[in-house]
Structure formats: structure tokens, C-alpha cells
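Residues per chain are reported as follows:
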Amino acid sequence: MGRGSIQKHLPVLAGLLAVVHLQGQTIYKTSPDWRSTDQHYATGGQFADLNNDGWPDLVVSNGNDMRREPLCVYINKKGILETSPSWISDDIDEHGHLAVGDVNKDGWLDVAVTVLVADGGRPGVKLYLNKHGTLSRTPDWISSNSFNAWHCAFGDPDRDGDLDLLVGSTDSYGSRRWPNFIFFNNNGVLESSPSWQTTDTLNLDHMEFCDVDDDGDQDVVAIGSGTSNWIYRNNKGVIRKVPDWHSTDSMTQFANTLALGDLTGDGRRDLIVSDNNQMPGGAGLFKLYAATGRSFTPTYSWSYDAGMVSAVALADLNNDGRLDMATGAWWDKVHIFLNTSSGLPATPTWDSTPSLVAEAIFFGDVNRDGLRTAKENKDIVTGKTKALHSLSEIKSAPRSLYYLDRQPIEKILRVVVDGKPLHSSSYCCNLVNSWISLKTPPAKSIVITYQHSVKLDMGITDWENNGNLIYYHQ
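Attention here is on the structure that accompanies the text. (Residues numbered from 1 in each chain as written. Predicted model: local features only at pLDDT ≥ 70, side-chain atom pairs only at ≥ 80, totals over all residues. Heavy atoms only, no water.)

Some words on the nonpolar core
Core analysis: the biggest nonpolar cluster contains 36 residues, and L165 and F296 have the highest contact counts within it. For this core, the secondary structure elements donating two or more residues are β12 (125–128), β16 (149–155), β17 (164–169), β18 (181–183), β23 (219–223), β29 (253–261), β30 (270–275) and β42 (401–403). Not counting residues up to four positions away in its chain, the partners in contact with F296 are V212, V221, I231, W245, L260, R269, D270, L271, Y289, A290 and A291. Membership of the second largest hydrophobic core comes to 20 residues, among which are A313, L317, A326 and F363. (Core = buried A, V, L, I, M, F, W, Y, C linked by side-chain atoms within 4.5 Å. Buried < 20%, exposed > 50% of the residue type's maximum accessible area, 1.4 Å probe, protein only. Helix = DSSP H or I, 4+ residues; strand = E, 2+ residues; numbered from the N terminus. Contact = heavy atoms within 4.5 Å.)

Structure, rendered in C-alpha cells:
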């Protein structure tokens with residue numbers, strides 16, 4: 001259920017076939033268009049084209065704190081996802097959330113997954129490599145240290161053009177404490193013992209890489225249980241092991257999921273936090289901390305009360321150039337908040353018909369009916385998009401990290417640096433948070449061509465054994 005062992009199951013309302021119009025535009029039906037038939041304690045989920053056929057598959061991690069279960073992959077067959085997974089891992093664990101990225105730079109997406117209950121010396125995080133379209137049935141890499149973990153994330157904090165793995169440790173229902181870790185990537189292989197770890201032992205349920213201060217390198221943003229929100233600052237490729245900022249509105253929140261993106265329209269990435277009220281100190285709110293200066297506002301500027309809140313994700317769902325927000329909670333409806341010119345509305349614009357125990361929300365174009373190609377000419381100092389024909393005088397050092405104007409994206413198609421196409425082994429990317437990081441900064445120019453969708457389908461993992469869900473964009 002989201003790290004709680006509550007056995008109470010609330011009734012699920014019957015789905016309706018009505019279609020809801022969001023600000024004059026039909027986006028999703030209120031009932032799901034697809035549901036998996038297998039029954040697991042589904043937790044992590046992501047759309048990912050694992051076999052490189054152009055159609056995004058669905059990968060799900062199962063188990064939570066309820067039962068040791070496998071990872072599953074539902075293959076996309078030309079726009080139709082199989083309802084029962086054709087790939088199931090041989091190993092089982094009480095899995096937390098997952099992250100997708102090409103770790104070994106072979107052109108195939110790999111999958112990292114956390115272990116929420118790592119009793120008996122089991123690893124805190126594992127990696128399944130993609131062997132030409134099929135994930136290994138057992139992990140190809142495991143952490144040498146054992147710890148409980150809820151989320152993991154890929155990024156490039158050392159600016160060498162490959163994906164490093166960030167993991168927060170947690171034991172929200174117990175008293176154990178560990179540091180929090182980065183496993184660096186060395187020539188396509190993650191180090192088994194993390195060479196970076198925090199000096200503190202905070203319960204940091206979700207940590208993500210993000211260039212908060214817009215200086216061209218990725219800081220670490222963290223939220224957690226019985227603690228506040230934090231930033232561990234990156235200084236030219238080296239992340240501090242002690243945070244230099246934290247929010248001040250609550251030091252006892254039960255925060256389990258975060259999302260990062262520009263919700264206020266100022267070009268800076270803001271922080272959304274789900275602060276669950278199941279544990280003492282939690283407020284039961286989704287909260288927005290807007291970017292300001294080199295950090296976020298110390299107190300939240302927008303909130304929505306939904307009780308045992310959990311999943312949150314950002315995407316431009318009505319194609320107006322502004323990021324919208326989807327949220328989920330335990331035994332509640334999924335909500336969508338369409339961004340207006342003045343920010344997020346006070347109440348949801350759309351609600352799902354069925355109530356469910358949502359653990360992860362994610363977006364992708366499953367049936368490829370909204371694919372578009374975009375090309376962005378980036379200023380190599382500021383990272384901002386400029387006209388494709390324009391040139392700018394280089395007055396300071398160019399950067400390696402570039403955020404794209406769309407979030408999320410489907411695929412990087414082409415990167416041209418200083419007039420020459422760049423091989424994919426010379427950069428890494430994150431499709432959910434929409435950035436690429438180069439091994440070597442450009443000297444004069446960079447143009448990035450990528451694929452995105454104007455009809456994003458919404459996927460949801462459901463802990464309550466009712467199957468995972470997809471809502472197709474209408």
C-alpha cells in the first residue's frame with residue numbers, strides 16, 4: 001500500500017464511460033482504458049521502449065512492504081499493451097520504485113529498482129541490464145551494502161556524460177538509519193560500494209538530481225519521513241555531503257514522492273512534495289515550493305489536502321506550454337490540476353472514477369498517436385533555447401547540462417555539437433525530467449532534436465491488486 005501494512009481495503013467504485021472535458025478539451029475518460037490482469041502489490045512504474053521498436057513498453061516493480069514479488073514488463077505490440085506480462089524477473093523482493101536509463105551506453109534502456117525491505121543482508125538497490133531488447137532475468141549489478149530504499153534516480157552530477165545512481169535510504173515504520181548514497185558510473189559499470197554518501201542519516205524517501213540554482217550542474221533535492229525538504233549543492237561536479245538549504249514549514253512531514261518542473265513559468269524548476277498524513281507529523285498535502293534565488297521558497301505557496309497522498313507527476317497534458325500536475329493517494333481518486341496562467345488551481349480539474357491505491361503516475365505515448373519532433377538550439381552558456389539561426393558571443397564557460405522545453409520526452413533523436421552529430425555514447429539523458437548531459441561541453445553550439453507527444457497517455461500503478469491502469473489521451 002505505500003509502505004504501510006494496513007490491511008483495510010476500501011471499496012473501489014465502478015468505472016463510468018463518461019469523458020471529461022478539461023477546460024474545453026477532451027483529455028481522459030474518467031475510467032481506465034487498459035488494466036493489467038495480474039495481481040501484485042505494484043509500486044514503481046514507467047513507460048520505456050525496452051526493445052527499441054519505437055513503441056513504449058511498461059515496466060513495473062512489485063512487492064512494497066507486503067510480499068516478495070518480481071519485476072514485470074508488459075510488451076507494447078504496435079500500440080496495444082499485453083495485459084499479462086511476458087517478462088517476469090526470476091528474483092523476488094519487496095521492491096520499491098524504479099528508474100530507467102542507459103547505464104552502459106549500449107543503446108538499450110536498463111532498469112534500476114530499490115528494495116524497500118532489505119532484511120537478511122539483501123541489497124538496497126539492483127540493476128537489470130537490457131540485452132538487445134530483453135532485460136536480464138536476475139540483476140546484473142547489486143549494491144554491496146544493505147539498506148531499505150524507496151526511490152532511486154539517474155543523473156550525471158560529475159558531468160562525465162554517463163548515468164550515476166542516486167538512492168535515498170528509509171525505515172519510516174522502524175528505527176533503523178543509514179546514510180544516503182550515489183553509486184557513480186565508471187565506464188558503463190556502477191560502483192558496487194558508493195563513493196558518495198551523506199554525513200547525515202535522514203530518512204530520505206525520495207531524492208532526485210536537479211539543477212536548482214541554474215548553474216549548469218545537478219544538485220540533489222531530497223524529501224523524507226520525520227524530516228524536511230533538502231538541497232545538497234553541486235559545486236562544479238562535486239556534491240556536498242551536508243545540505244545547505246531546507247524548508248522551514250515542517251520538520252516532521254511524512255513525504256514519500258517528489259516531482260520537479262517549471263510550474264510557475266519563470267524558467268526554473270519548482271518542487272512538488274506529497275506529504276502523507278498516515279504517520280504523525282504528516283500534513284496530508286500536496287505542496288508546491290517555488291524556485292527562488294538559488295533554492296526554493298522555505299514554505300509552500302500552494303497546497304491541496306488529499307490525506308494519504310502518494311504519487312505525483314508533471315506533464316503538459318493540454319499542450320498549452322505549461323506543465324500540469326497529476327496526483328494520487330491511497331484509497332482515493334487520481335486528480336489532474338491543469339496549470340493556468342496564474343498557476344495551479346485550488347481544486348482538481350479532473351478526477352478518476354475508480355478510487356485506488358496509487359503508487360506511481362507516469363506519462364508516455366503508448367499508441368503513438370501524438371508524436372511530434374522538436375529541434376532546439378541551445379545557448380551553450382545559459383542553456384536556454386534560442387532561434388535556430390542566431391549566434392551568441394561566448395563570454396563565459398559553456399555548460400554540459402541542457403534541459404529541454406518539453407517534459408517528459410519520448411526519445412532523443414539527434415544531438416549536433418559544433419556542427420557535428422554526436423554519438424549517443426558521448427552523452428546521457430533522462431526522458432522523464434527532460435535533460436541531456438554531455439561528456440564534453442560544446443565550444444560554439446548545440447542543437448538537440450527529440451521526439452515528444454501532444455497526446456500523453458497516463459499510467460498508474462495500483463498497490464491494491466486491482467491491476468495497473470492506463471488512461472489514453474483522447
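Picking up where we left off.
So, the environment of E69
Within the element layout of this structure, E69 appears in the loop between β5 (57–62) and β6 (71–74). Note on E69: relative accessible area 3%, which makes it buried. Taking the C-alpha atoms as reference points, E69 and Y427, 358 residues apart in sequence, are found 34 Å from one another. Of the polar contacts made by the side chain of E69, one reaches the backbone nitrogen of G63; its length is 3.2 Å. (Polar contact = N/O pair within 3.5 Å; in protein donor to acceptor, adjacent residues only side chain to side chain.)

Description of the sheet that holds strand β9 (residues 87–88)
Hydrogen bonds along the backbone pair up the strands of a sheet, which may run parallel or antiparallel. Strand order in the open sheet formed by four strands is β4-β5-β6-β9, with antiparallel pairing between adjacent strands. Looking at the sheet topology across the chains shown, the edges are occupied by β4 (42–48) and β9. Note: β4 against β5, six bridges, orientation antiparallel. Following the sheet pairing, F47 is matched in β5 by L58. (Pairing = 2+ DSSP bridges.)

Digging into the sheet that holds strand β39 (residues 358–364)
In spatial order, the strands read β3-β49-β48-β39; together these four strands make up an open sheet with antiparallel pairing. Pairing within the sheet leaves two strands with one partner each, and these edge strands are β3 (34–35) and β39. When strand β48 (residues 457–462) meets strand β49 (residues 469–471), the two strands line up antiparallel, connected through three bridges. Each residue of the ladder has a partner; that of M458, found in β49, is Y471.

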